[in-house]
Amino acid sequence: MCVPIATGTSLFNPEYLENAKNKNLVLSSRRREGCKYYVGIDPAISTDGDYNVITVLEVDEHDNKSIVYIDRAKNVEFRDNLQKVRLIGKIFNPEVVLFETNTFAKSFTQELRNISDINVHDFNTTRKKKQDIILNLQMNFENSKIHLPYGNEESRRVSTALIEELSMFSITEKGKFEGVGAHDDMVMSLALANAATQRASENFLLLDDMGLFNERPFSPFRGIRGLNF
């Protein structure tokens, strides 16, 4: 059940984050038969500050969403990032890759389309869109649909870093949805991967065409392997 979220309070209830830990799940660069895969990419705005984060979600026949791969690194060059995504495409054959393209990143998705057949889509983050994908992620945690890998030391380390970012993600006094800690790149990458799973049919539709981001009154009641950590 969703509960009211006050300004300055984390949007992600610690109880739900704790329940999301799955000791039978580990980070892995392997595809499982019968599952579908979705990727969210939050690129680094600057090479000396932000992390470049790529998150892969595995979705089973019951719509359970398990994080199976996270690449988190600084100082990632343009060509290196292309190779990372192409490799993920070969391993997981994702249904959709959703790439945040507010800055230089449009050239990245254009080049990726030229050199591969990966189904990559741009995501231009407005305040409204960011609000919606975060609230959708919050609802998935509340409904116990998100599973965090916790089955070995590396998985626990990566999931702990993600949980720390989620715990610091809140609504500010100005009504913005953002992390109040040092980084929120992992949260945004996961939110993008989760948003990529939202589809009206077996064929992926652009999120705007689905009406996912239609204007409506705001309500706070809705609820590989990590690299260079």
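Structure shown above.
Residues numbered from 1 in each chain as written. Predicted model: local features only at pLDDT ≥ 70, side-chain atom pairs only at ≥ 80, totals over all residues. Heavy atoms only, no water.

*Asks:* How should unusual backbone geometry be read in this particular structure?
*Replies:* Apart from glycine, the bulk of residues carry a negative phi angle, and the bulk of peptide bonds sit in the trans form. In this structure, Asp 63 is a non-glycine residue whose phi angle is positive, near 65°. With phi around 45°, Asn 93 is a residue other than glycine that occupies positive phi space. Within the secondary structure, Asn 93 is located in the loop between α2 (78-92) and β5 (96-100). (Helix = DSSP H or I, 4+ residues; strand = E, 2+ residues; numbered from the N terminus.)

*Asks:* Whenever I open this one, the environment of Ser 107 confuses me. Can you help?
*Replies:* As for its position among the elements, Ser 107 is in helix α3 (residues 105-115). Each C-alpha atom, one on Ser 107 and one on Phe 78, is 9.5 Å from the other, the two residues being 29 residues apart in sequence.

*Asks:* Which parts of the structure should I look at to understand the sheet that holds strand β7 (residues 146-149)?
*Replies:* Hydrogen bonds between backbone atoms are what pair the strands of a sheet, whose relative direction is either parallel or antiparallel. Strand order in the open sheet formed by seven strands is β1-β7-β4-β3-β2-β5-β6, and the pairing between neighbours is mixed. The outermost strands of the open sheet, each flanked by one partner alone, are β1 (21-22) and β6 (120-123). Relative to β7, strand β4 (residues 65-73) runs parallel, the two sharing two bridges. Bridge pairing links Lys 65 to Ile 146 in β7. Each of β4, β6 and β7 is contacted by helix α4 (residues 127-142), which is oriented at about 80° to β7, the strand it contacts most. Sitting on the sheet, helix α6 (residues 185-196) touches β2 (36-42), β3 (52-59), β4, β5, β6 and β7, and the angle it makes with β2 is about 140°. (Pairing = 2+ DSSP bridges. Contact = heavy atoms within 4.5 Å. Axes fitted to C-alpha atoms, helices over the stretch in contact; angles between N-to-C directions.)

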